[in-house]
Amino acid sequence: MGEPNGNDNTMVHDSEMGVGNEMIHGNEIVHGSEMIHGDEMVEGSGMVHDDEMMDGNEMVHGNDMIQVHDLIHGDDMVQVNDMVNGDEMVHGNELVSEVTPPALSRRRRKRSLVWEHFTIEPVPGEKACQRACCNLCNATFAYSSGTKIAGTSHLKRHITLGSCPTIKNQNRKSALPLAGGVTDNDGEGTVERPSKRRYRYTGFANATFDQDRSSSYLAKLIILHDYPLHIVQQPAFTAFTESLQPRFRVAGVDTMEEEVYAVYRKEKHNLLQALSTMAGRISLTIGLWTTSQTLGYVSLAGQFVDTEWKVHRRMLNFRMVSSPHSENALSEAISSCLTDWSMKEKLFTITLDNDCSSHDIYSANLRDYLSNKENLVLKGQLFVVRCYANILNAVAHDVIASIHGVIYNIRESIKFIKGSNAREVRFAEIALQLEIPGTKTLCLDITTEWNTTYLMLLAALDYSQAFTTMETCDDNYNESPSAEDWKKVDAACYYLKFLYDSAHSIMAAANPTSNLFFHEAWKLQLELSNAIAHEDPVFSSIAKEMHERFDKYWKDCNLVLAIAVVMDPRFKMKLVEFSYSKIYGMEAAKYVKVVDDAIHEIYKEYVAQPLTLTPAYVEQGEANKNVHASQNNNTVTLPSAGDGLLDFDKYLSEIAVSQPSKSELEQYLEEALTPRIQDFEILDWWKLNTLKFPTLSKMARDILAIPMSMVSRGSSIFSAATTGSRMLDDYRSSLRPETVEALFCTKDWLQYSPPPPPEASGSAAVKMV
């Protein structure tokens with residue numbers, strides 16, 4: 001046809017430039033049903049547009065990269081040999097050298113994602129013709145399967161470039177720009193299409209949306225962060241969710257309450273399955289909650305050691321009772337919990353979180369109520385345990401209450417000094433003149449956390465002379481404590497330090513098993529017993545009040561504390577003997593015998609009545625059954641090996657009768673103590689020695705799982721809100737009891753749930769191309 005010219009209307013025939021159906025028109029190259037504008041060039045399986053390059057399977061624009069299958073699918077793939085013939089190609093008015101593309105491997109054709117949004121319809125009256133109808137806006141497009149005349153490229157552009165008016169409206173609502181235009185704060189404004197760069201909506205075709213899954217995640221958000229259920233009715237919240245996903249339908253309060261309960265049922269089922277494989281027994285902790293109404297709640301949490309010898313604590317129930325401080329209410333709540341979780345035969349101990357004055361009443365009634373139904377160890381002597389953190393807080397508050405007048409003056413003094421920069425500078429100058437080392441900082445305390453009060457008094461005590469001097473220099477200040485007051489503060493800080501250090505020792509343990517508490521309790525009991533005889537009446541009077549309260553705890557709980565420390569291979573009975581000699585003096589042997597007898601009695605109960613074994617322990621239990629029988633009967637039947645040594649077998653049997661083998665407990669107690677290393681893990685030790693001490697290890701598992709403190713991991717041991725009776729807020733008090741229980745229990749369970757798996761296809765995204 002002659003040589004082509006360089007104007008925009010020039011057409012280059014197949015034999016001159018292109019191959020197949022290609023046509024170069026102006027600066028455009030058409031291949032199949034696709035048009036590549038401007039300076040675009042197909043290279044290999046890639047596309048170059050402006051300063052963008054797609055090479056191999058990637059397209060790089062600046063720092064952005066997307067996979068090519070987001071742009072080229074199925075019939076849209078452009079082969080190099082369909083477009084380039086010879087070694088060069090005319091591109092606009094320039095010659096471009098061919099870059100040899102990498103070899104393309106043939107792959108099985110995949111179904112295009114556009115068919116998630118289009119439906120193929122026949123053309124009326126034309127049997128061989130079809131058309132594609134958009135499911136969102138009902139627009140129709142030409143389509144011919146298996147050809148490049150009318151493939152899927154124009155259908156993809158309709159979806160991914162935002163040509164579909166329905167998608168465009170959704171983009172405006174969610175404030176996702178389809179183009180470079182800027183909208184106002186309400187998302188309303190004109191969309192301007194720039195000449196070169198544009199935002200390309202790349203994720204919509206691949207995104208999956210599940211209303212039920214999103215509603216479940218919203219319920220978990222409300223549960224974990226204590227949001228009120230009516231947050232779903234807040235306009236700001238609904239606007240926020242609509243901006244993220246316009247298709248998400250925000251549920252009403254009643255529906256969201258059902259979602260919360262659905263999450264609760266699912267998580268409870270998972271916990272039930274976990275507890276069904278529990279190898280040992282479970283111990284309960286009881287918390288009391290009051291409301292502004294006459295009703296109250298009882299919280300029950302279970303602590304146990306699993307088959308992997310890891311200690312766990314899980315909330316089990318949060319039940320409404322008519323009178324939470326009634327012993328009958330507690331008994332009924334515990335019995336209902338055991339029935340609900342099918343653990344009637346597995347209850348070991350309960351730890352009460354109540355006022356110490358009513359402890360005896362609770363103990364007697366609960367023991368009598370449950371002893372007829374449950375197989376309590378040691379006839380119920382270990383059944384009721386008092387919270388160690390609760391007794392520490394109670395003793396500390398007694399000390400603080402004894403000097404509350406002085407504490408008031410110190411608080412007012414700190415407020416006065418911190419009230420202005422001038423007074424603060426003046427006070428610092430006085431401290432410097434008096435050569436007071438500024439190692440502590442004056443700060444106000446939090447009245448509900450006694451450790452902050454102790455630190456405030458400790459710092460103020462160092463500046464006692466500065467407060468006195470400040471009072472003589474400033475006529476507006478007259479709150480300085482007297483010398484006698486500072487002496488009371490000194491005595492209070494001396495004894496509060498014991499409580500403070502003990503609490504920190506417990507909090508420092510990653511897994512505070514029951515064996516740790518004996519170390520703290522016996523040292524505190526010894527210090528307070530000796531402090532009663534202090535020569536200074538100020539010190540002795542404070543110590544007497546502290547000892548009176550703590551001694552009651554020691555008498556109630558020293559047996560269970562001692563039994564727990566015997567299960568520690570680093571100490572066994574030796575630490576009990578040592579500590580009792582310090583506390584009881586000449587009468588120590590009597591108290592040591594009580595502990596030793598109790599240990600042996602518990603061991604006999606475990607030998608006579610072994611716990612129900614889980615499948616993982618059945619084989620091991622069968623292997624140990626014969627060992628227990630032989631120990632009880634003091635006989636050993638040795639099978640003959642058929643080697644002619646029958647007389648030798650009889651000899652061994654006679655020796656076994658005359659020299660009975662030692663029990664696991666006796667063998668354990670007589671062995672040398674395990675070295676006290678810093679990172680010793682007692683549960684790991686028992687896990688390794690399970691085969692050596694099969695019965696004793698089951699006993700140790702249950703004893704070490706006794707919760708000596710009500711405070712869970714991550715909570716403050718110093719706060720009365722975590723150890724005493726707590727108040728339920730008015731909002732939760734107004735909810736149905738079933739909903740309150742679902743919120744409290746599920747929040748605890750979700751903290752230990754595995755994270756959700758990453759979704760294969762997330763929400764839609766906007767990328768610049």
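Residues numbered from 1 in each chain as written. Predicted model: local features only at pLDDT ≥ 70, side-chain atom pairs only at ≥ 80, totals over all residues. Heavy atoms only, no water.

Peer 1: Explain the overall build of the chain here, please?
Peer 2: Within the chain, the regular secondary structure consists of 24 helices and 21 strands. Here the chain, with 769 residues, has 45% of them falling under the buried criterion. Surface accessibility of the chain: about 40300 Å² in total, with carbon and sulfur atoms responsible for 51%. (Helix = DSSP H or I, 4+ residues; strand = E, 2+ residues; numbered from the N terminus. Buried < 20%, exposed > 50% of the residue type's maximum accessible area, 1.4 Å probe, protein only. Areas by Shrake-Rupley, 256 points an atom, 1.4 Å probe, with all protein chains shown as cover.)

Peer 1: I'm lost on the nonpolar core in this one. Help?
Peer 2: Proteins that are soluble and globular tend to have nonpolar side chains buried together. Core analysis: the biggest nonpolar cluster contains 114 residues, and Y388, F467, F518, M567, Y580 and W686 have the highest contact counts within it. No other element matches the 17 residues that helix 15 (residues 537-566) contributes to this core. Among all residues touching F518, those that are not within four sequence positions of it are W554, L561, A562, V565, L575, V576, S579 and Y580. Counting 53 residues, the second-largest nonpolar core is a separate cluster that includes L229, V232, L300 and A742. (Core = buried A, V, L, I, M, F, W, Y, C linked by side-chain atoms within 4.5 Å. Contact = heavy atoms within 4.5 Å.)

Peer 1: Looking at this structure, how should I read helix 10 (residues 421-433)?
Peer 2: Since one α-helical turn is 3.6 residues long, residues separated by three or four positions face the same way. Given a rise of 1.5 Å per residue, 13 residues ought to cover 18 Å, and the 18 Å separating the end C-alpha atoms of helix 10 matches this to within 8%. Residues of helix 10 that are buried: F427, I430 and A431. An end-on view of helix 10 places all buried positions within 100° of arc, on one side of the element. Residues of helix 10 that are exposed and point more than 90 degrees away from the buried face comprise N421, A422, L432 and Q433. (Expected span 1.5 Å × (residues − 1). Arc of directions from axis to C-beta.)

Peer 1: Looking at this structure, I do not really get the environment of S144. What am I missing?
Peer 2: Looking at where S144 falls in the secondary structure, it is placed in the loop between strand 13 (140-143) and helix 1 (153-160). In the structure, S144 is positioned 12 residues away from A132 in sequence and 9.2 Å away in space, judged by C-alpha atoms.

Peer 1: Would you mind showing me how to read the state of the cysteines here?
Peer 2: Note: disulfide means a covalent bond formed between the sulfur atoms of two cysteine side chains. Under the definition given, this model contains zero disulfides. The structure places no disulfide on C164, whose sulfur is separated from the nearest cysteine sulfur, that of C137, by 3.7 Å. C164 sits in the buried class, given a relative accessible area of 0%. (Disulfide = S-S within 2.5 Å.)

Peer 1: Would you take a moment to explain the pattern of salt bridges for this structure?
Peer 2: Pairing of side chains with opposite charge becomes possible as their charged atoms draw close. Under the counting rule described, the total for this entry stands at 25 salt bridges. R319 is the partner of D340 in a salt bridge, and the nearest nitrogen-oxygen pair spans 3.2 Å. Highlighted residues: D340 in helix 6 (residues 327-340) and R319 in strand 17 (residues 311-321), separated in sequence by 21 residues. In this structure D340 comes out as partly exposed when scored by relative accessible area, which is 26%. (Salt bridge = Lys/Arg side-chain N within 4 Å of Asp/Glu carboxyl O.)

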